[in-house]
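If you want the building blocks of each chain, they are given just below.
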Amino acid sequence: MRALTATEAPLPPALDDHAGGEGMAKDGKITMSDVAQLAGVSTMTVSNVINERVRVSEDARERVLAAIRESGYQINPSARNLRAGRSGVIGLAVPQVGNTYFGMMAELVIEEARRRGYHVAIEQTGALAAGEAAAIAQSRRLQLDGLILSAVEVDSLVPPVPVQGYPIVLMGEQDPAGRFDHITVPNEAGTAAATEHLIDQGCQRIAVVTGGNLDRLTMFTRRYNGYRTALEDRGLATDPRLRFMVDALSREGARSTGRRIAEAGLGIDGVVVFNDTVAMGVMRGLRDRGVSVPGDMRVIGFDDVPESASFIPSLSTVHPDHRWKAAKAVDLIISRIADPSSPPRQYTVPFEIVRRESTA
């Protein structure tokens, strides 16, 4: 039997968060003992993780959480929250609930939180500094246990918003002075890989579609920098005429951008677009002007939203691991709730290029 590390040393007995107790329950439900066996740790270590005790090592915690997800073990939140004096509810604040990407992320966060015995309250920020500040204030006022914030403007919240001691995890590009646990998407690396994919497919005149201005560090800036880096690394010149600003952050606004690309007369044979929704609009605009994808131009997006696979033609894209991101966000906020004083942690979401018809 593997010896316990010092961080896994048993604590005084606590209530089991599953009615099954030790061993397989008579009704066939997964028990804490089953999770312990799958993770290769003691039952007490599983209990320590579930009850958010901070003496469990990071390695053991990760194995227990993976075993919980794999086994389908159900945590009893009422017993745990009663012991801890918490609400059992975490907040999730996103720019737009109706946006395909943020709707998808909300579903995944809710699913991951439910596996950990938490409910999720959703707030919409409008991608505005005031909306993000209000989401933080509201989550504290409602005494939610913590907040996962998909941040767009949070850098401008320093110092007006009081967050000292309140558990917050950021998802997004902005992270003021490394004050928070932070999960970011691989904007530069992902867009560079997307651009390199088009070059590998034979494209030489590659346009890029961005949104907003590039005067400050945003998602648009980071993805544009990834595009430029890939061109330079492959010995291709950056032509400012090949940068197209989307008319509006919508599929219809992107449609007019696609028409402008088709009418530009610049010999464009590939297009890198900063997200999938806009990429689909661009492809529709190209088709309006008789440009075929991928026959005349190849197009690649970013995010791999569900519609990308069923669009005609299906859209090649950068796929950040959304489920990994949601699971890590929930894990971080629960760890932060358990230990508000621990140093902030930073993570970048793993990604891959998904090759579909639009770049075939």
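Residues numbered from 1 in each chain as written. Predicted model: local features only at pLDDT ≥ 70, side-chain atom pairs only at ≥ 80, totals over all residues. Heavy atoms only, no water.

## Concerning the overall build of the protein chain
Across its full length, the protein chain carries 12 helices and 12 strands. Sorting the 360 residues of the protein chain into buried and exposed places 53% on the buried side. In the protein chain, once contacts between residues fewer than 6 apart in sequence are set aside, the share between residues at least 24 apart is 70%. (Helix = DSSP H or I, 4+ residues; strand = E, 2+ residues; numbered from the N terminus. Buried < 20%, exposed > 50% of the residue type's maximum accessible area, 1.4 Å probe, protein only. Contact = heavy atoms within 4.5 Å.)

## Focus: helix H10 (residues 276–288)
Its 13 residues place the ends of H10 18 Å apart at the C-alpha level, agreeing with the 18 Å of an ideal helix rising 1.5 Å per residue. Burial in H10 covers these residues: Asp 276, Val 278, Ala 279, Met 280, Gly 281, Val 282, Met 283, Gly 285 and Leu 286. Against the buried residues of H10 lie strand S6 (206–210), helix H9 (251–263), strand S8 (270–273), strand S9 (298–302), helix H11 (307–310) and strand S10 (316–320). Capping the start of H10, Asn 275 holds a side-chain oxygen 3.2 Å from the backbone nitrogen of Thr 277, two or three residues further along. Downstream of H10 by a residue or two, Gly 290 has a phi angle that is positive, lying close to 80 degrees. (Expected span 1.5 Å × (residues − 1). Polar contact = N/O pair within 3.5 Å; in protein donor to acceptor, adjacent residues only side chain to side chain.)

## Some remarks on the packing of aromatic side chains
Per the counting criterion, the structure on display carries four aromatic pairs. The interplanar angle of 75 degrees and the centroid separation of 5.2 Å between the aromatic rings of Tyr 101 and Phe 102 together place this pair among those described as edge-to-face. For Tyr 101, a relative accessible area of 11% translates into the label buried. Using a relative accessible area of 17% as the deciding quantity, one classes Phe 102 as buried. Aromatic pair Phe 220 and Phe 274: ring centres 5.0 Å apart, planes at 90 degrees, arrangement edge-to-face. Taken as a pair, Phe 220 in helix H8 (residues 219–233) and Phe 274 in the loop between S8 and H10 lie far apart in primary sequence, 54 residues in all. According to the relative accessible area criterion, Phe 220 is buried, its value standing at 15%. Since its relative accessible area comes to 5%, Phe 274 is described here as buried. Looking at Arg 223, its charged tip hangs above the ring of Phe 302, at a distance of 3.6 Å from the centre. (Phe/Tyr/Trp six-rings, centres within 6.5 Å; stacked < 30°, edge-to-face > 60°. Lys NZ or Arg CZ within 6 Å of the ring centre and 35° of its normal.)

## Topic: the sheet that holds S9
Sheet strands associate in pairs through backbone hydrogen bonding, adopting either a parallel or an antiparallel arrangement. Read from one edge to the other, the open sheet built from six strands follows the order S7-S6-S8-S9-S10-S12, with strand pairing classed as mixed. Two strands in the sheet have a free side with no partner beyond their single neighbour: strand S7 (243–245) and strand S12 (351–354). Averaged over all pairs of adjacent strands, the angle between their axes in this sheet comes to 20 degrees, without regard to strand direction. With three bridges connecting them, S6 and S7 associate as parallel partners. If you follow Val 208 over to S7, its bridge partner there is Arg 243. Seen against the sheet, H8 touches S6, S7, S8 and S9 and runs at an angle of roughly 170 degrees to S6. In the packing of H9 onto the sheet, the strands contacted are S6, S7 and S8, and the crossing angle to S7 comes to about 150 degrees. (Pairing = 2+ DSSP bridges. Axes fitted to C-alpha atoms, helices over the stretch in contact; angles between N-to-C directions.)

## With respect to the environment of Lys 328
Counting through the fold element by element, Lys 328 comes out in helix H12 (residues 322–338). Take Lys 328: its relative accessible area is 11%, and that puts it in the buried class. With 145 residues separating them along the chain, Lys 328 and Ile 183 place their C-alpha atoms 8.0 Å apart. In this structure, Lys 328 is in contact with Glu 62, Ile 183 and Tyr 347, ignoring residues within four places of it in sequence.

## Topic: the pattern of salt bridges
This model, assessed by the stated rule, comprises 20 salt bridges. Between Arg 255 and Glu 252 there is a salt bridge, with its nearest N and O atoms 3.9 Å apart. One end of the pair is Arg 255 and the other is Glu 252, both in helix H9 and three residues apart, which spans about a single turn. Measuring nitrogen to oxygen at the nearest pair gives 3.0 Å for the salt bridge that ties Arg 356 to Asp 304. One end of the pair, Arg 356, is in the segment after S12; the other, Asp 304, is in the loop between S9 and H11, with 52 residues separating them in the sequence. With respect to class, Arg 356 is no different from Asp 304; both count as buried. One connected set of salt bridges, linked through shared partners, spans Glu 252, Arg 255, Arg 259, Arg 284 and Asp 288. (Salt bridge = Lys/Arg side-chain N within 4 Å of Asp/Glu carboxyl O.)

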